[in-house]
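# Notes for the structure review
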Amino acid sequence: MAVRGTKKRIGDMLIEEHLITQEQLERALEIARESGKKIGETLVENGYTTDEAIMRALSNQLGIEIVSLAGVRISDEMIRLANASVLRKNRMVPLEYFQGNMNIIKVAMADPMDMAAIDDFTIITNLQVEPVLALPSEIMVTLDRYFGNDETMEAAQKYADERRAMEAASQDTEYDENVSNSPIVKIVNSMIEQAARQRASDIHIEALERVVRVRFRIDGALYEKFTYDIHLLPAIIARLKIIGGMDISEKRKPQDGRITYVVDRVEYDIRASILPTVYGEKCVMRLAQKRMLTKQKSELGFSEEEMRQFDNILKNPNGIILVTGPTGSGKSTTLYTALSELNKEDVNIITVEDPVEANIDGINQVQTNVKADLTFASALRSILRQDPDIIMIGEIRDTETAQIAVQASITGHLVVSTLHTNSSASTLTRLMDMGVESYLLADSMVGVIAQRLVRRLCPECKTAYEASEDEKEILGLPTDEALTLYKPCGCEQCNNTGYRGRIGVYEIMTITPRIRHVISKRGTAEQIRDVALEEGMHTLRMSASKLVLEGITAFSEMIKVSFENESM
């Protein structure tokens, strides 16, 4: 086998590849000794290198092939060679017989130098291992795909058996004894881990009449993943209340909690909401990776023209910039990206949020607290005495907050915030309806960005088709000319959904002198929109149509995000 004979350690290889320094290696070795973790894992956790860089270095040094496990089909024969716990512990996936030899098996590994793992597998299977390299995250996602359902169902069955046994032994078993049972802990942990690896933004645990249904929201759509016996619901909810810091005895009122959970070395901030329903309590968990909220501008999906407009709006030294759209449309990501862009040493940025979704170095962030009378409005009054240059308000929810924001912008501050409206033009009329004087609004507003998210078609399986006359008409194209569009199909790489990931669709309104004049005269949303279109604004439908014509998204996705907008 290729690796057996090597005497070189992984740390030495990474130094040779100029990925880490000797000093970083020594520090990581010290941390690894204290934590009992492997050196590669420790180096990644401490930010000295990445899994991808380690994989390439090992491939260069050991001459081992790198494989991608995305969409790979593995036969039942391979999967049955070892149980899931062995494969998870050693981060390995058996792929196929090596060059047709029935005694040697090709195994994807995160660490091909882990001799204990190779020996474990060899003893269990009586086969010689030929290692290939794969990313740890891809290995865990693959194991979830083949074992995830079985593992959670096995844990559920084990819990049900234990529960029946306890009921037979004693009718008055304490409720909270059930909660600490390891099968329930395993079910909840597995649920969160699988959701994180499948890029889910939310987990829905729902009480139906006879079953508990678990659904994941992936790329904005809900998919059913598991169903359990309804008897498991109290224990699952109780477990979530414990780890979320909620009251386990309160079952009649809604409750909110927060959970910090690490999956594959990535920290997730999970907000849990519990609501009593007819058949029992329902829980929704929102998963957020703190590092994912701050992106590069280029990752948001702006076109070149939109990027230029975005940059111009951010150059304003004072005024109000609003990002609008429904819940889950990516407003927070756009705001945090804007703040990161503006975050310089000579600028004082203060935010007031509910809750603080991501911590950014160099920015002063304030969490609202209604019980302590620290609302958006009261926090803003205090912030104005803190000599700020830029103020970020998580959301303008009431008249008082709107008026203070306008006053702050007029007195020389740049204010950025969000609002729940359908379009950029209706944002301005909403603020006027909230009691902001039109002449103040016209003077303070510098830009409005309305946005939505559409699902990206999976590049591996999207299917071309001839557009219908109705589709051409809605896209504003001649109906007598041929037009090729793309629709979702579904494959292993996208979990048979036809989509993978999302991209932003934007309607950016820069406030020009003509638009200011319409606002000051208390113009309607339609009048503001008409002037903005004449000034070169692209509506949500125009931006989404462009993505459809480029084959990035489907026609149905465009209709979803621009349905409330008037057709062009």
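As the structure is a prediction and not an experimental result, all values here were calculated from the model.

Below, the discussion takes up the overall build of the protein. Helix and strand counts for the protein stand at 22 helices and 18 strands. Principal-axis analysis of the C-alpha atoms gives the protein an extent of 85 × 65 × 60 Å. Every one of the 568 residues in the protein was classed for burial, and the buried ones make up 50%. At a minimum sequence separation of 6, the contacts of the protein that also span at least 24 residues come to 63%.

Taking strand neighbours across the sheet as the criterion, the six strands line up as β6-β5-β4-β9-β8-β7 in an open arrangement whose pairing is antiparallel. Here the strands that pair on one side only, and so sit at the sheet edges, are β6 (221-229) and β7 (255-263). Averaged over all pairs of adjacent strands, the angle between their axes in this sheet comes to 20 degrees, without regard to strand direction. Alignment of strand β5 (residues 211-218) against β6, held across eight bridges, turns out to be antiparallel. Its bridge partner being in β6, Ile218 is matched across the sheet by Ala221. Most of the contacts of helix α10 (residues 182-197) go to β7, to which it runs at about 70 degrees, and overall it touches β4 (200-207), β5, β6, β7, β8 (266-277) and β9 (280-289).

A low pLDDT means the predicted coordinates there should not be read in detail. For the protein, per-residue confidence averages 86 on the pLDDT scale, and 91% of positions sit at 70 or higher. Of all secondary-structure elements in the protein, the lowest mean pLDDT belongs to helix α9 (residues 175-179), at 47, while strand β10 (residues 319-324) reaches the highest, 95. Counted against residues more than four places away or in other chains, residues 171-175, with its pLDDT under 50, gives five contacts. For the stretch residues 177-181, pLDDT sits under 50, and the model shows 14 contacts to residues farther than four places along the chain or on other chains.

All right, on to the nonpolar core then. Core analysis: the largest hydrophobic core is formed by 40 residues, its most contacted members being Leu428, Leu431, Met445, Met509, Ile519 and Ile528. Here Leu431 is in contact with Leu322, Ile396, Ala402, Leu419, Val436, Leu441 and Met445, once residues within four sequence places are set aside. Formed by 36 residues, the second largest nonpolar core is a distinct cluster that contains Ile205, Val214, Phe226 and Val266.

Of note, Gln309 is situated in helix α12 (residues 304-314). By relative accessible area, Gln309 is classed as buried at 14%.

On to the environment of Gln403, then. The topology assignment puts Gln403 in helix α15 (residues 399-410). According to the relative accessible area criterion, Gln403 is partly exposed, its value standing at 36%. Separated by 178 residues in the primary sequence, Gln403 and Lys225 have C-alpha atoms spaced 46 Å apart. A polar contact of 3.3 Å, which involves the side chain of Gln403, links it to the backbone oxygen of Gly435.

What follows deals with the sheet that holds strand β11 (residues 349-353). Pairing within the open sheet is mixed, and its seven strands lie in the order β12-β11-β13-β14-β10-β15-β18. Only two strands of the sheet have a single partner each, and these edge strands are β12 (364-367) and β18 (499-510). The average undirected angle you get between the axes of adjacent strands in this sheet is 20 degrees. Pairing of β11 with strand β13 (residues 390-393) involves four bridges; the strand directions are parallel. Within β13, the residue paired with Ile350 across the bridge is Ile391. Packed on one face of the sheet, helix α13 (residues 331-342) meets β10, β11, β12, β13, β14 (414-419), β15 (445-457) and β18 and runs near 170 degrees to β14. Along the sheet face, helix α14 (residues 376-383) touches β11 and β13 and points at about 165 degrees away from the line of β11.

Counted by the stated rule, this structure contains 30 salt bridges. Arg27 is the salt-bridge partner of Glu30, the closest N and O atoms lying 3.3 Å from each other. Of this pair, Glu30 and Arg27 both sit in helix α2 (residues 22-35), three residues apart, roughly one helical turn. A relative accessible area of 36% places Glu30 in the partly exposed class.

With that settled, consider the packing of helix α16 (residues 424-433) against helix α20 (residues 525-534). Direction vectors running N to C along α16 and α20 enclose 140 degrees, while the axes themselves pass 8 Å from each other. Note that α16 runs across α20; the crossing there is right-handed. Contact residues: α16 offers Ala425, Ser426, Leu428, Thr429 and Met432, while α20 offers Ala525, Ile528 and Arg529.

About the thresholds
- Residues numbered from 1 in each chain as written.
- Predicted model: local features only at pLDDT ≥ 70, side-chain atom pairs only at ≥ 80, totals over all residues.
- Heavy atoms only, no water.
- Helix = DSSP H or I, 4+ residues; strand = E, 2+ residues; numbered from the N terminus.
- Buried < 20%, exposed > 50% of the residue type's maximum accessible area, 1.4 Å probe, protein only.
- Contact = heavy atoms within 4.5 Å.
- Pairing = 2+ DSSP bridges.
- Axes fitted to C-alpha atoms, helices over the stretch in contact; angles between N-to-C directions.
- pLDDT = per-residue confidence, 0-100.
- Core = buried A, V, L, I, M, F, W, Y, C linked by side-chain atoms within 4.5 Å.
- Polar contact = N/O pair within 3.5 Å; in protein donor to acceptor, adjacent residues only side chain to side chain.
- Salt bridge = Lys/Arg side-chain N within 4 Å of Asp/Glu carboxyl O.
- Left-handed = near helix turned anticlockwise from the far one by under 90°.

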